[in-house]
Amino acid sequence: MKKKFKLGVIGCGYMGSAIIRGVVLSDFINPKKIVVSDLIENNLDKINELGVFTCNSNKYVAENSEYLLVAVKPQNFNALINSLGDYKPEKIISVMAGIKKQTIKEALGRYTVRVARCMPNLPCSIGSGAMGIDMSDFNGDTDDTDFISNIFNNLGVVLSIDESKIDAVIGISGSGPAYAFMFIDSLIDAGVQQGLSKDEAKILAVQTVLGAAEMVQREEEPLSELIMRVCSKGGTTIEAVKVLEENRFRAIVSGAVAACVKRAKELSE
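J.: For this particular structure, what's the right way to read the layout of surface pockets?
T.: The gaps of empty space that remain are located by a probe, the size of a water molecule, rolled over the atoms. Here the second largest pocket is characterised by a volume of approximately 900 Å³. What lines the second largest pocket is a set of 37 residues, among which G13, A71, V72, K73 and P74 lie closest to the centre.

Have a look at this one:
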């Protein structure tokens, strides 16, 4: 039986609303074909302007949508399953960190349900996201894979991967914006300490990070070569790099990612 809505979204926090905005503003789906539920009324108020249908019933969303996108916190997964009652969705797109496809199927008691698992990140809200997605349950059905891919293609760069790599994606791109924000914030603070105003330091720090990222994307040289292009012998940059190396900058980043991945694995157990 044909469903009333093309896409149903359960959970309208930062990530859920980012996906909804990206899909609607790209004109990929008519907002009248999207239904959204959230227990927090204020979250729904923030997206009402987009023209999507909103409600407080997860079960209604699941029953009336062809594709069900689940964007709740992993800690709320069991409550979500209970809220669906005896209804078993057929096509699920999950952006829950740490919740495996098999876990979703077992919780629903329906092993024939097809689940796509994606890990987007916060910059999806401005169309500059980076995400990994496993759509292997939908292999062989191009209508499904095209639809799911296009949801996220409108939000940024999409990498098709096996689910076994999702935790690593969480550690790099899923949580990565927080690391980048911290680095930029630290540069700004350092600039202020050296005599710049906060606004001046912010302009320089933000554009420097943007420019460096664009060079990495454009240039074919390895990153080690790009680093050395800035570090002239006996110059200023080499002194800064020495301090970063002496304080184990790379090890700190690696340890942070490892801690993030460890927590993602814990959530899946």
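J.: Where do I start with the environment of M96 in this structure?
T.: Tracing the chain through its elements places M96 in the loop between β5 (91-94) and α5 (101-108). The class for M96 is buried, based on a relative accessible area of 2%. In this structure the C-alpha to C-alpha distance between M96 and M131, which are 35 residues apart in sequence, comes to 13 Å. Ignoring anything within four residues of it in the chain, the contact list for M96 reads V70, V72, F77, I104 and R117.

J.: Sorry, what's going on with the environment of S128 here?
T.: Mapped onto the elements of the fold, S128 is located in the loop between β6 (114-119) and β7 (129-134). S128 sits 63 residues away from G191 along the chain, and the two C-alpha atoms are 27 Å apart. When residues no more than four places from it in sequence are discounted, the contact partners of S128 are P123, L155 and G156.

J.: Could you clarify how one ought to interpret the pairing of strand β4 (residues 65-70) in this entry?
T.: In summary, the side chains of a regular strand alternate between the two faces of the sheet. Burial runs high along β4: five of the six residues are buried. Relative to β4, strand β1 (residues 5-10) is paired through five bridges, and the arrangement is parallel. Residue pairing in the sheet places F5 in a bridge with S65 of β4. With three bridges connecting them, β4 and β5 associate as parallel partners. Each bridged residue has a counterpart across the sheet, and for L69 the counterpart in β5 is I93. What joins β4 to β5 is helix α4 (residues 77-83), and the crossover it makes is right-handed.

J.: What should I look at first to understand unusual backbone geometry in this one?
T.: Glycine aside, residues mostly have negative phi angles, and peptide bonds mostly take the trans form. With a phi close to 65°, D27 is a non-glycine residue in the positive phi region. Within the secondary structure, D27 is located in the loop between α1 (14-25) and β2 (34-37).

J.: Hey, could you run me through the pattern of salt bridges in this one?
T.: For side chains bearing opposite charge, pairing can occur when the charged atoms are close. Enumeration according to the criterion identifies 19 salt bridges in this entry. Between K59 and D86 there is a salt bridge, with its nearest N and O atoms 3.5 Å apart. Of this pair, K59 sits in helix α3 (residues 58-63) while D86 sits in the loop between α4 and β5, and the two are 27 residues apart along the sequence. Residue D134 pairs with K101 through a salt bridge whose shortest N-O separation is 3.2 Å. You can see D134 sitting in strand β7 and its partner K101 sitting in helix α5, a full 33 residues away along the chain. Three or more residues joined by partner-sharing salt bridges are found here, namely K6, E66, K91, R114, D141 and D144.

J.: What is the right way to look at the sheet that holds β2 in this model?
T.: Sheets are built from strands paired through backbone hydrogen bonds, the pairs being either parallel or antiparallel. The strand order across the open sheet formed by eight strands is β3-β2-β1-β4-β5-β6-β7-β8, and the pairing between neighbours is mixed. Either end of the sheet is taken by a strand with one partner, and the two such strands are β3 (53-55) and β8 (156-160). Taking the axes of each pair of neighbouring strands and ignoring which way they run, one obtains an average angle of 20° across the sheet.

Here is what the cut-offs are and how they apply
Going along each chain's sequence as written, the residues are numbered from 1 onward. Whole-chain, interface and lining totals are the exception, using all residues; otherwise, since this is a predicted model, local features are given only for residues with pLDDT of at least 70 and side-chain atom pairs are given and counted only at 80 or more. With hydrogens and water stripped out, all remaining heavy atoms of the structure feed into the side-chain values. Here a cavity denotes a set of grid points, spaced 1 Å apart and computed over the protein atoms alone, in which a 1.4 Å probe fits but from which it cannot get out, and a pocket denotes an open set meeting protein on both sides within 12 Å along at least five of seven lines; residues with an atom within 4 Å of a point are reported as lining. Grid points are joined across faces, edges and corners, and a volume is the space filled by probe spheres set on the points. Secondary structure elements follow DSSP: runs of H or I of four or more residues count as helices, runs of E of two or more count as strands, with numbering from the N terminus. Any residue under 20% of the maximum accessible area for its type is buried, any over 50% is exposed, and the rest in between are partly exposed; the area is computed with a 1.4 Å probe on protein chains only. Pairs of residues are marked as contacts when any of their non-hydrogen atoms sit within 4.5 Å. When DSSP locates at least two bridges between a pair of strands, those strands are taken to pair. Orient the strands so they point away from the viewer, and a crossover whose first-strand-to-second-strand path over the helix runs clockwise is right-handed. By convention in these notes, a salt bridge is any Lys or Arg side-chain nitrogen within 4 Å of a carboxyl oxygen on Asp or Glu. Lines fitted to C-alpha atoms define the axes, with helix axes restricted to the stretch in contact, and inter-axis angles between N-to-C directions lie between 0 and 180 degrees.

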